[in-house]
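Inside the fold
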Amino acid sequence: MAARHLICVANFSNFSAVLRNTENSNDKTSLPSMDLTLTGGEDGDYINIPDCSGKEYFKDHHISFKFTENDKEKGKFAMWFNDEEKKIYISSDGTYESGHPVSSNDNFDHERDANIYVGLHFSPAAETGKEETSKRSLIPPPSLQASISVAVAPK
């Protein structure tokens, strides 16, 4: 089975964040604002990206990225490897349902070991000061702007 190691995370936001691997509580790393962090992992061999092929497995098989300010959560991401589809997935709200494959999936052989590099971009959406005028609106007001960039390199 190929290993997918999360090597480093660049936090390009004005908020600190915490990375947590739900498969290993010791794989928890602080991600300072506007900084690059190596993810050594518990054993110094970096963090393995968990396999997760369905919603029923998500709770215990993903990596979470939570942004905070003054101990208040501001936003979150999630990342996992769908072992049935052989693709790395990300979610910009930390849930399985909003996950989608990253574009770099086509650039490497998932049967080989790979190193993963992540860039986090997060900022709360600007406050508009306007209240919703229609309860039938299909477009919810934005609460945050978030994206995650993933680069994959053969090991």
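Moving on to the sheet that holds strand S3 (residues 24-31). With respect to topology, six strands assemble into an open sheet ordered S3-S2-S6-S7-S8-S9, the strand pairing being antiparallel. Only two strands of the sheet have a single neighbouring strand rather than two, namely S3 and strand S9 (100-101). Sheet topology note: the strand S2 (residues 16-21)/strand S6 (residues 63-69) ladder contains six bridges and is antiparallel. Within S6, the residue paired with serine 16 across the bridge is threonine 68.

As for its placement among the helices and strands, lysine 66 is situated in strand S6. By relative accessible area, which is 35% here, lysine 66 ends up partly exposed. The spacing of lysine 66 and serine 30 is 36 residues in sequence and 9.8 Å in space, taken between C-alpha atoms. Discounting residues that sit within four places of it in the chain, lysine 66 has contacts with Ser16, Ala17, Val18, Glu73, Gly75 and Lys76.

Bringing unusual backbone geometry into the picture now. For methionine 34, which is not glycine, the phi torsion reads 55 degrees and is therefore positive. One can find methionine 34 in the loop between S3 and strand S4 (35-38).

Definitions and limits used
- Residues numbered from 1 in each chain as written.
- Predicted model: local features only at pLDDT ≥ 70, side-chain atom pairs only at ≥ 80, totals over all residues.
- Heavy atoms only, no water.
- Pairing = 2+ DSSP bridges.
- Helix = DSSP H or I, 4+ residues; strand = E, 2+ residues; numbered from the N terminus.
- Buried < 20%, exposed > 50% of the residue type's maximum accessible area, 1.4 Å probe, protein only.
- Contact = heavy atoms within 4.5 Å.

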